[in-house]
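# Summary of structural features
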Amino acid sequence: MRNIIDHNPEKAILQKHSTNIIGGKLDYDHCYHDCYHEEQLIYQHLLHLVQKESTNQMLNRFRSLFIERANYPESEIVPILDKITASKTAPEEFKFFLNRCCHILINYWHMNCLLHSAIADLISLFSAIPTTYKVNNLRSRETIRLRELLKLFVDSEQYLILLRFTQVVNENLPVARRQDNQPLMTLIRRYPYLYEHCLMSDDSTQEQKETVRHFQSQVQKKFEIDLSQYVTYKMRRIQMLKNTSITEADRILRPINNPTLLTDGELYTTLKHFVGKVEHGNTYHESAQQFIKYGGQAANFRNFKDDLYEYLISSVDGQYGKKQFNQKLYKYLQNILPQADEQKVNDLLLVRTCSNLLNFLVVNNQSSPQHFVFLDLISNQGTVPTMGLLLKIVLICGKVKPYLERKFAILFNHYEASNTNTVGWLVGTLEQLNIAFSINFGGIDLSFFKRFC
């Protein structure tokens, strides 16, 4: 967005806009395509100001212009906004314009961690939209129109994404736990693999995407460091307690907090499952490598699906699988691209097969978020083996990792208004997937733990 900064934006605004003002009032008969220029002028104006004014000044400006439409310091800006809100397409387009205005401030403030709290303050402005009008507004049609558009914005996906984003950037917010009476949305910061699917939309600018990815990288690295340090601390403490007292061990070792929402027992089980030998003396990674080596030699796609079925059911509880699941899984696999059964397996067939499996095992899509199979798996064999089953798919086809992330983003969005204490099963799977991804695709060092597996 920096390429649209004018050296003298205030002058540019007056010069460019003066031809559209008749007798001090805007000509509202212009078509919406003219509003592109007005939007750019507002963007320029905000870009110029955010670089020189304090966060409090910018918040006051934003409130005056976009919330109250009153007492704005540069009065010539208000008619420009009125032109935008008066457009016939404003009910559809204004949310995108206002979203970008928010992100102009956010993209500048996120670079300084001391300013992150201002981002939450900015978004909170929309929770206090006035329902009455000041006398000097005289119930003007422009103000009424703006309030109507603000209500549409608050009900939009763009605003929902901003609400999630405040949970990511504001480290001072209290951390919700699995048993807390807090919305699931308050936990989104913990799961960087959800960011690209929960904090971006089709209209996100490149700058917005870069901001999200910056936080994604930052949070992921911190989690991996914190988890590595905690696991090392716990392993050393266990070793030390064999030869000394608890008091002495606590005196020597600096306590480190568990960075997950799992109990120590749950964390140990999860780590052992994803780090240790789980199938025929192999880790998940080793089993996947064997399948890639030998599964790719199948005579055709039909035989490949048979091999894939055997690879997957080795991670399914035997008793549970024999009831119905194995049969359903086999039938589902056979119905994937049957017209290609005689072909040799290629990357395209592999990706389509694995993505279809994730539809079956987790959730289909946003518009139809049924996840009965996933819930049934968890209920009958627990969350850790179920996450292991999903991991096995991603390990043989890395291209579907973003697809699995999207599946969990659908579940997260579906339940984000639910309290964490009512969706503990989902919180547990989100935590375990975070660990599984860190171990298999991140840079976490668990060498100390591996000695004990």
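No experiment lies behind these values; they were computed from the predicted model shown. (Residues numbered from 1 in each chain as written. Predicted model: local features only at pLDDT ≥ 70, side-chain atom pairs only at ≥ 80, totals over all residues. Heavy atoms only, no water.)

### What about the overall build of the protein chain?
For the protein chain, the helix and strand inventory stands at 21 helices and two strands. Counting over 453 residues, the protein chain shows a buried share of 52%. Sequence separation of 24 or more characterises 74% of the internal contacts of the protein chain that already satisfy a separation of 6 or more. Summed over its atoms, the accessible surface of the protein chain is roughly 22,000 Å², and 50% of this surface lies on carbon and sulfur atoms. (Helix = DSSP H or I, 4+ residues; strand = E, 2+ residues; numbered from the N terminus. Buried < 20%, exposed > 50% of the residue type's maximum accessible area, 1.4 Å probe, protein only. Contact = heavy atoms within 4.5 Å. Areas by Shrake-Rupley, 256 points an atom, 1.4 Å probe, with all protein chains shown as cover.)

### Here's the deal with the pattern of salt bridges
Across all of its chains, the model carries 17 salt bridges by this definition. One salt bridge connects glutamate 416 with arginine 164, and the closest N-O pair in it is separated by 2.8 Å. Placement of the pair is glutamate 416 in the loop between α19 (401–415) and α20 (424–441) and arginine 164 in helix α8 (residues 157–169), with a sequence separation of 252 residues. On the basis of relative accessibility, which here comes to 7%, the residue glutamate 416 falls in the buried class. Arginine 164 sits in the buried class, given a relative accessible area of 4%. The residue aspartate 264 makes a salt bridge to lysine 234 at a minimum N-O spacing of 3.2 Å. Remark: lysine 234 occurs in helix α10 (residues 206–240) and aspartate 264 occurs in helix α12 (residues 264–275); sequence separation between them is 30 residues. With a relative accessible area of 36%, aspartate 264 lands in the partly exposed category. One salt-bridge network, in which partners are shared between bridges, spans Arg302, Lys305, Asp341 and Glu342. (Salt bridge = Lys/Arg side-chain N within 4 Å of Asp/Glu carboxyl O.)

### Considering the packing of aromatic side chains
Applying the stated criterion across every chain yields a total of 24 aromatic pairs. Consider the rings of tyrosine 230 and tyrosine 233, whose centres lie 6.3 Å apart with planes at 45 degrees: the pair is tilted. With a gap of three residues between them, tyrosine 230 and tyrosine 233 both fall in helix α10, about one helical turn apart. Side by side, tyrosine 230 and tyrosine 233 carry an identical accessibility label, which is buried. Three or more aromatic residues joined by ring pairs form one cluster here, namely Tyr43, Phe62, Phe66, Phe94, Phe97, Phe126, Phe153 and Tyr159. The ring of phenylalanine 441 has lysine 401 sitting right over it, with the charged end atom 5.5 Å from the ring centre. (Phe/Tyr/Trp six-rings, centres within 6.5 Å; stacked < 30°, edge-to-face > 60°. Lys NZ or Arg CZ within 6 Å of the ring centre and 35° of its normal.)

### Some details on the confidence of the model for the protein chain
With 88% of its residues at a pLDDT of 70 or more, the protein chain has an overall mean of 87. Summarising per-element confidence for the protein chain, the mean pLDDT is lowest in strand β1 (residues 21–22) (30) and highest in α19 (97). (pLDDT = per-residue confidence, 0-100.)

### A few points about the side chain of arginine 164
At 2.8 Å, the side chain of arginine 164 forms a polar contact with the backbone oxygen of cysteine 198. A distance of 3.2 Å separates polar atoms of two side chains, one belonging to arginine 164 and the other to asparagine 413. Once residues lying within four places of it in the same chain are set aside, the contact partners of arginine 164 are Met185, Ile188, Cys198, Leu199, Asn413 and Glu416. (Polar contact = N/O pair within 3.5 Å; in protein donor to acceptor, adjacent residues only side chain to side chain.)

### Concerning unusual backbone geometry
Positioned with a positive phi, arginine 69 is a non-glycine residue whose angle comes to about 50 degrees. When you line up the elements, arginine 69 lands in the loop between α3 (55–68) and α4 (77–86). Taking relative accessible area as the criterion, arginine 69 reaches 13% and is therefore assigned buried. With phi around 45 degrees, leucine 337 is a residue other than glycine that occupies positive phi space. Its place among the elements puts leucine 337 in the loop between α15 (318–334) and α16 (347–361).

### Considerations on α16
Compared with the 21 Å implied by 1.5 Å per residue over 15 residues, the 21 Å span of α16 between its first and last C-alpha is a close match. When we look at burial in α16, the residues that qualify are Leu349, Leu350, Thr353, Cys354, Ser355, Leu357, Leu358, Asn359, Phe360 and Leu361. On its buried face, α16 is in contact with α14 (301–313), α15, α17 (372–381), α18 (383–396) and α19. You can read the cap of α16 off the contacts: a side-chain oxygen lies 3.1 Å from the backbone nitrogen of leucine 348, and it is on asparagine 346. (Expected span 1.5 Å × (residues − 1).)

### Points about α19
An ideal rise of 1.5 Å per residue puts 21 Å on 15 residues; α19 measures up with 22 Å between its terminal C-alpha atoms. Looking at α19, one finds that the buried residues are Leu404, Glu405, Lys407, Phe408, Ala409, Ile410, Leu411, Phe412, Asn413 and Tyr415. Tucked inside the fold, the buried residues of α19 contact α8, α9 (195–198), α16, α17, α18 and α20.

### Focus: the environment of tryptophan 425
Here tryptophan 425 is to be found in helix α20. Distance in space between the C-alpha atoms of tryptophan 425 and glycine 382 is 9.2 Å, their sequence separation being 43 residues. What tryptophan 425 contacts, discounting residues up to four positions off in sequence, is His371, Phe374, Leu375, Ile378, Thr383 and Tyr415.

### A closer look at the state of the cysteines
Applying the stated criterion to the full structure yields zero disulfides. Looking at cysteine 102, it has no disulfide partner, and the nearest cysteine sulfur is the one in cysteine 101, 7.0 Å off. Residue classification places cysteine 102 among the buried residues on the basis of a relative accessible area of 0%. (Disulfide = S-S within 2.5 Å.)

### Comments concerning the nonpolar core
In terms of nonpolar packing, the biggest core is built from 115 residues, with Phe62, Phe66, Leu122 and Phe408 touching the most fellow members. Broken down by element, the residue count for this core peaks at ten residues, all from helix α5 (residues 90–109). Apart from residues lying up to four places away in sequence, phenylalanine 62 is in contact with Ile67, Leu98, Cys101, Cys102, Leu105, Leu122, Leu125 and Phe126. Of all hydrophobic cores here, the second largest spans 17 residues; its members include Tyr230, Val231, Leu253 and Leu267. (Core = buried A, V, L, I, M, F, W, Y, C linked by side-chain atoms within 4.5 Å.)

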